[in-house]
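Observations on chain architecture
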Amino acid sequence: MQKVFERPKSLNDRPFHYCPGCGHGIVHRMTAEAIDELGLQERTILISPVGCSVFAYWYFEVDNVQAAHGRAPAVGTGLKRACPDSIVISYQGDGDLASSGMAEIVHAAARGEAFTVIFINNAIYGMTGGQMAPTTLVGQSSATSPYGRDPHFAGYPIHMCEMLATLKAPRYIERTSLNNVANLTRAKRAIKKALDLQVKGEGFAFVEVLSPCPTQWGVSPDESIDWLEANLMPEFPLGVFRDAKTGEAKR
Amino acid sequence: MKVLMKGNEAIGEAAIRAGCTLYFGYPITPQNEIPEYMSRRLPTIPGGAYIQAETEVAAINMVYGAVSTGRRAFTSSSSPGISLMMEGLSYLAGAELPCLVVNVMRGGPGLGNINPEQADYFQATKGGGHGSYRLIVLAPASVQEMADLTVLGLDLADKYRNPVMLIADGNLGQMMEPVELAERYPNEHDKSGWALTGAKGRTSHLITSIYLDADEMEEYIGKLWRKFRAIEQIEVRADEYQADDAEVILVAYGIVSRVARAVVETLREQGIRAGLVRPITLWPFPSALVRRRAEQAKFLLACEMSMGQMVEDVTLAVNGLRPVYFYGRSGGNVPTPAEIVAEVKRHL
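Residue positions within a chain follow its written sequence, with the count starting from 1. A letter from A marks each chain and a number from 1 marks each ligand, given out in the order of writing. For this predicted model, a pLDDT threshold of at least 70 governs which residues receive local features, and a threshold of 80 or more governs which side-chain atom pairs are given and counted, while totals over whole chains, interfaces and linings are taken from all residues.

**Examining the overall build of chain B**
Rule in force here: Put simply, DSSP H or I for four residues or longer makes a helix, DSSP E for two residues or longer makes a strand, and each gets a number counted from the N terminus. Here exposure depends only on C-beta density: within 10 Å of a residue's C-beta, 20 or more other C-beta atoms make it buried, 12 or fewer make it exposed, and intermediate numbers make it partly exposed, the C-beta atoms being placed from the backbone. Residues are scored as being in contact if the C-beta atoms we place from backbone atoms lie within 7 Å.
Helix and strand counts for chain B stand at 13 helices and 16 strands. Projected onto the principal axes, the alpha-carbon positions of chain B cover approximately 70 × 50 × 40 Å. Of all 348 residues assigned to chain B, the portion counted as buried reaches 54%. Considering only intrachain contacts with a sequence separation of at least 6, the fraction spanning at least 24 residues in chain B is 78%.

**Quick word on the packing of helix α1 (residues 24–37) of chain A against helix α7 (residues 181–199) of chain A**
In a pair of packed helices, the angle between the axes and the distance between the axes together describe the arrangement. All names here are of chain A. The following threshold applies: Where helices are involved, their axes are fitted lines through C-alpha atoms of the stretch in contact, as for all axes, and angles between N-to-C directions lie from 0 to 180°. These descriptions rest on fixed angle ranges, namely under 35 degrees for roughly parallel, over 145 for roughly antiparallel, 65 to 115 for roughly perpendicular, and the rest for oblique. Left-handed is the label given to a crossing in which the near helix is rotated counterclockwise from the far helix by less than a right angle, and right-handed is the label when the rotation is clockwise. Side-chain classes follow a simple rule in which Ala, Val, Leu, Ile, Met, Phe, Trp, Tyr, Cys and Pro form the nonpolar group, Asp, Glu, Lys and Arg form the charged group, and the remainder, Gly included, forms the polar group.
Two numbers describe how α1 lies on α7: the axes approach to 9 Å, and their chain directions differ by 45°. One element, α1, and the other, α7, form an angle in the oblique class. You can see that α1 and α7 cross each other, and the crossing is right-handed. Residues M30, T31, E33, A34, I35 and E37 of α1 lie in contact with α7, whose contacting residues are A187, K188, I191, K192 and L195. Its residues assigned to classes, the contact of α1 with α7 comprises six nonpolar, one polar and four charged.

**Some words on the interface of chain A and chain B**
One frequent convention defines the size of an interface as the accessible area lost when the parts assemble. What counts is decided by this rule: Pairs of strands are assigned from DSSP output, requiring at least two bridges between the strands.
Contacts between chain A and chain B engage 28 residues on the former and 33 residues on the latter. Of all the secondary structure elements, the ones that give two or more residues to the side of chain A that touches chain B are β1 (44–48), β2 (63–66), α2 (72–82) and α4 (102–111) of chain A. Per-element accounting of the side of chain A that touches chain B gives the leading share, eight residues, to α2 of chain A. Among the residues forming the side of chain A that touches chain B, the class breakdown is 13 nonpolar, eight polar and seven charged. Both β2 of chain A and strand β10 (residues 206–207) of chain B contribute to a ladder of two bridges, which runs parallel.

**Considerations on unusual backbone geometry**
It is generally the case that most residues other than glycine have a negative phi and that most peptide bonds are trans. All names here are of chain B. Cis peptide bonds are those with omega within 30 degrees of zero, and the linkage from T29 to P30 qualifies with 10°. With an omega dihedral of 0°, the bond running from W283 to P284 counts as a cis peptide bond. One non-glycine residue, Q242, lies in positive phi territory at about 55°. The residue Q242 is located in the loop between β11 (238–241) and β12 (248–251) in this model. The class for Q242 is partly exposed, based on 16 C-beta atoms found within 10 Å.

**Looking at the sheet that holds β11 of chain B**
All names here are of chain B. The strand order across the open sheet formed by five strands is β11-β13-β12-β15-β16, and the pairing between neighbours is mixed. Here the strands that pair on one side only, and so sit at the sheet edges, are β11 and β16 (324–328). The mean angle between the axes of side-by-side strands here comes to 20°, regardless of whether they run parallel or antiparallel. Note that β12 and strand β13 (residues 274–279) share four bridges and pair parallel. Paired with V248 across the two strands is A274, which belongs to β13. Of the strands in this sheet, β11, β12, β13 and β15 (299–304) are in contact with helix α10 (residues 255–269), which crosses β13 at around 165°.

**A few points about the sheet that holds β10 of chain B**
With mixed pairing, eight strands are arranged side by side in an open sheet as β7(A)-β5(A)-β6(A)-β4(A)-β3(A)-β1(A)-β2(A)-β10(B). Edge strands, defined here as strands with exactly one partner in the open sheet, are β7 (239–243) of chain A together with β10 of chain B. Summarising the sheet, strand β3 (residues 87–93) of chain A and strand β4 (residues 116–121) of chain A pair through five bridges and their orientation is parallel. By the bridge assignment for β4 of chain A, G93 of chain A is matched with I120 of chain A. Sitting on the sheet, α7 of chain A touches β3, β4, β5 (172–177) and β6 (205–210) of chain A, and the angle it makes with β5 of chain A is about 155°.

**Concerning the nonpolar core**
For the record, the criterion: We define a nonpolar core as a collection of buried residues of the types Ala, Val, Leu, Ile, Met, Phe, Trp, Tyr and Cys that are connected via C-beta atoms lying within 7 Å of each other. Segment limits for the domains were obtained from an automatic or database-derived domain assignment.
The biggest cluster of nonpolar side chains holds 187 residues, and the ones touching the most others in it are F206 of chain A together with V63, A73 and L250 of chain B. Both domains that meet at this core, namely domain 1 (2–185 + 208–234) and domain 2 (238–347) of chain B, each give it at least three residues.

**What about α10 of chain B?**
All names here are of chain B. Selection rule: A helix's residues, less one, multiplied by 1.5 Å, set its expected span.
Along its 15 residues, α10 runs 22 Å from first to last C-alpha, staying within 8% of the 21 Å computed at 1.5 Å per residue. Looking at α10, one finds that the buried residues are I255, V256, S257, A260, V263, V264 and L267. Directly beyond the C-terminal end of α10, a positive phi value near 85° is found at G271.

**Things to note about the domain arrangement of chain B**
Residues and elements named next belong to chain B. Under the domain assignment, chain B is made up of domain 1 (2–185 + 208–234) and domain 2 (238–347). A straight line from the C-alpha centre of domain 1 to that of domain 2 covers 26 Å. In this complex, domain 1 contributes 26 residues to the contact, which on the side of domain 2 involves 22 residues. Broken down by secondary-structure element, the contributors of at least two residues to the side of domain 1 that touches domain 2 are β6 (113–116), α6 (121–126), β7 (136–138), β8 (163–169), α8 (170–174) and α9 (214–234). Looking at the side of domain 1 that touches domain 2 element by element, the count peaks at four residues for α6. Here the residues of the side of domain 1 that touches domain 2 sort into 16 nonpolar, six polar and four charged.

**A look at the pairing of β3 of chain A**
With respect to burial, β3 of chain A is a largely interior element, seven of its seven residues being buried. The alternating pattern of β3 of chain A places I87, I89, Y91 and G93 of chain A on one face and V88, S90 and Q92 of chain A on the opposite face, and all of these are buried.

**Some details on the environment of P49 of chain A**
Residues and elements named next belong to chain A. Mapped onto the fold, P49 is located in the loop between β1 and β2. Among the residues examined, P49 registers 28 C-beta atoms within 10 Å and is labelled buried. Separated by 17 residues in the primary sequence, P49 and Q66 place their C-alpha atoms 6.1 Å from one another. Setting aside residues no more than four positions away along its own chain, P49 makes contact with V54, A67, A72, Y91, Q92, G93 and D96.

Set out below in C-alpha cells:
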C-alpha cells in the first residue's frame, strides 16, 4: 500500500516537547518537509535560538548549532561566509529576534546575508514564563505587563517585516499565519520559497509566522486560533513585503 | 627575510599564513590596523571573508558561526569592545569552539582613553564572561611575538577546542619592528568529528552548551576542567632574563617586560643581582617558575601598566614565602626604568 503521509526524513522520531496548541511543532514540520522536498538535508545547518525552540536540534536530523540569545543572525553570517555551500536556517522567536537580537537581524538583512530566517511571532516570551515581548499588543496583559501593555511607557509592538522591507538588500520578506489551512499552505510555501532562494544564492529571505501560544496567552488551544485571528492578525497584516532583487545578489 | 611591520599588521599577516582567512571585527582604537589590514588582504584570498560587524557582540558571534564549520577565524578589539565580547567568549568556551581573540588593551575603565594599559588582565585570565571556563591567554612583548603568538594561539585553540586570547597593548600594536614570517604555518587539526558542514554521509553534528540536567551539566563542566587542568600542566610558557642568580626578581609581561630588562641591566651595573621572569602565558600562569625563583630571592617586584592585577597571581604563586611588591602606572603611562630602579632600591 502506498504511504501518502509520513514523517519527513529531516525530522527525528521524537515527540515534541511543546505545549498543546503551540505553533512550533507545525513550523518544524513544514521546515523539515521543505528541506526534504528541495533535497537539502545533507547541506543544512540549523541554528537553534534561545527560547522555547532552544532544543529545535532535538528534532531536526541535520547539522545543528545553538546560538546565544538574539545572536543567531550573526552566527548564521559566520556559518554562511565560512561554508557558502551549506544551507543555513536561523529559527528565532520574537523576544530573541526583535528584542535582544534586533541589531543582528537588521544588519544581517542590510548586508543581504544569503541565509533563511524563520521568525515565530507569538507576541509573548514563552519559555521564560509569558513576559512582555517587543511584539506584544497594546493592552495585552503578560507577566510583565499585568495591566496590559501601556503604550505611554512600554511603546508599541514592532513590525519586523515592515521594518526590514525598508532595507535595500533583502530578497524576500513575507508574513504568514497558522490560523487556517489556507494560511498553513501559504506558510509552508513561503518557507520552501525562502530555502529555494538560498539554494539559488539570491540573498536574504525572511519568513515571519504568526503562531499561537495558548499557554502564555491563557486560552485553550482551540481558542488560541480565534485569539490569533482577532488580535494578532489585525496588528500584523499578512502578505509579501518584498519579492524582488532590489539589492545586489551575494556572490 | 625580515620585514618591517606594525604589531597589529603582523598579527593579521601571521593569521592569514596560518590559514585563518575569516575575520570579523568592529573599529576601535588602538587596533584599527588589524581590521583595515584584513579588509585589504582577505578579499584577495580564495575562500577568505572579511566582515565589518555591526557590533563587537555580533563580531564574536560571527566567529562562533564561522569556527563551527571547522575553519579558522579570528576577531580583534580593544578593551571596551572586548567587554562586549564576553558573552560570546563564554559560549565559545562552553561549546568547545576554537578561535583567536586579540585585545590591544587601552586605558580604562569606562571609555577611558586610547593609551596603552594592561588593566584587562583580570578580565582575560579570570573569566570575564559568565560560568566555569578559562581562556588561554598569551602576552607578546615584541612585534615578532605578535606574529608568533598569533600562530601559536590559533594552534592551541584548535588543539584544545577553546578560545585563546592574545593580549597586547597600544604600544605593541602601533610600534614597528622587523619580523620574520614563514611562508605558511601548519593548519592540520582534524575537525571532521564535530564540524558543521552539512551531514553528508555521516550522522548529524551538534554544537551547543546547554545541559538542563544538573548531573549532565556537572559532568560536562568536569570534562571542560580536565582539559583546563591538562593545559595548566602542558602549556605554561615563560621567558627569563638573568634570573639564575638573581636575588631580586622582577615579574613583568608585554611591553613592561622590556622596560624591566633595562632595569635588570641597570641594577646589575650597580652590583645588585636582579633578574626577570616574563610570563608569556598569563593563563596558565607560570606559578611553579615564579615560586622556584622566589626561593632564591629576597623579594619579588611585579611591574604592570595597571593598579595591580598580575601581582595577585605572583602573590598566590609565592604564597607568603617572600615579600611581593608592586609597581604600576596607569592611564597610558609606561613605567620608566628609573622609576622601577628606585622602587627596587626602596625594598633592598
